[in-house]
Amino acid sequence: MPNWHEVFQEIQAKSRELQNGQNEALKSITVKYLNALHKLTGRNIIVYYSGFLSKPEINSSITDEDKNGFMVTIHKLDRSKGLDLFLHTPGGNVSATQSLVDYLHKMFGTDIRAIVPQIAMSAGTMIACSCKEIFMAKHSNLGPIDPHLRDIPAYGVIEEFKRACDEVKKDPSTISMWQSIIGKYNPTFLGQCQNAIDRSSEFVRMQLESNMFDSDPQKSEKAKKIVARLTDFLGNKGHDRHIHSEECLEMGLKIKSIEDEQILEDGDFQDLVLTIHHCFMFALSNSSVFKIIENQNGVGILKALPSRVQTKNPPAA
């Protein structure tokens, strides 16, 4: 399969052939591979890529604005062909994520597969759990879905408050110490944290039950087990913990291997998925672009610095 260096060489060769800039060459090559995967699977493809690895200082998380990009990409697609959704994201706003998932299900029903070539964390994991199955590579990972408020883990706040209550009961002399710690929270903050926990957990549980495990008589038990593992603040020991495919499979998620040669007999699924991944990672690393939402026809949006949105037009027929 083409690696990063080979994709770069192909871009350079295409740029010389077209006698134009690197961006147009990259667009041409990216659409070529997206179309190849579309022909191989017979399914629609939408890629959702954030530049959080190459541009960590830029907020490229999931927001309500992203729905506009998905509306552009879905327009004129044959929705009866289902959707393969590439996810590469650090996560983002829970409400925006829930609304986006609701929109995707209205467009494609439950016929949505997630493809995670590298990383889909937090709310990205929530989107993946709303699909009927998740394709992951040996180097891919999902992440915990414990919500954060003001960059503070909601589960951590609840656990800290429980610890304070327990320690004060055992030793009243610790009251002053815990007052200085708990006092930094607003009066309603604990309630907000619990609501965020309940909302995130309930959403993922309902998505798993209604799609991934819809026909499974044990869907409720399986969904609860997965949610418990993904929200295990003490067990995961950090919101940035990487949960790889083996562990995702072990906890009960429907995981398929991108490397599995039996996925499709008439083509190399792995080669195309990882080549597409390299193309978009190259685009994010070598331009001012920090978010891309695009379909197999090259239609979508780019978000770039300075803050502006560029519309991508489909290639000429």
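Source: prediction; values computed, not measured.

### What to know about the environment of Ala96
Checked against the element boundaries, Ala96 lands in helix α4 (residues 94–108). For Ala96, a relative accessible area of 3% puts it in the buried group. Through-space distance from the C-alpha of Ala96 to that of Phe189 is 21 Å; in sequence the pair is 93 residues apart. For Ala96, the residues in contact, after removing those within four places along its chain, are Ile62, Thr63 and Asp64.

### Some words on the pairing of strand β1 (residues 44–50)
Burial within β1 is extensive, with seven of its seven residues counted as buried. Going residue by residue along β1, you find Asn44, Ile46, Tyr48 and Ser50 tucked away on one face and Ile45, Val47 and Tyr49 tucked away on the opposite face as well. Both β1 and strand β2 (residues 83–88) contribute to a ladder of six bridges, which runs parallel. Directly across from Tyr48, in β2, lies its bridge partner Leu87. The β-α-β motif built from β1, the intervening helix α3 (residues 66–74) and the parallel element β2 has right-handed crossover chirality. The sheet contact formed by β1 and strand β11 (residues 289–295) spans five bridges and is antiparallel. Bridging across to β11, Tyr49 finds its partner in Ile292.

### Some details on the environment of Arg43
Position of Arg43 among the secondary structure elements: in the loop between α2 (22–41) and β1. Judged by relative accessible area, Arg43 falls into the buried class, the value being 10%. Distance in space between the C-alpha atoms of Arg43 and Ser80 is 8.8 Å, their sequence separation being 37 residues. Other than its neighbours up to four places away in sequence, Arg43 contacts His38, Lys81, Gly82, Leu83, Asp84, Asp111, Ile112, Arg113 and Lys132. Within the local environment of Arg43, its side chain forms a polar contact with the backbone oxygen of Leu83, the two atoms lying 3.0 Å apart.

What counts as what
- Residues numbered from 1 in each chain as written.
- Predicted model: local features only at pLDDT ≥ 70, side-chain atom pairs only at ≥ 80, totals over all residues.
- Heavy atoms only, no water.
- Helix = DSSP H or I, 4+ residues; strand = E, 2+ residues; numbered from the N terminus.
- Buried < 20%, exposed > 50% of the residue type's maximum accessible area, 1.4 Å probe, protein only.
- Contact = heavy atoms within 4.5 Å.
- Pairing = 2+ DSSP bridges.
- Right-handed = clockwise from strand over helix to strand, strands pointing away.
- Polar contact = N/O pair within 3.5 Å; in protein donor to acceptor, adjacent residues only side chain to side chain.

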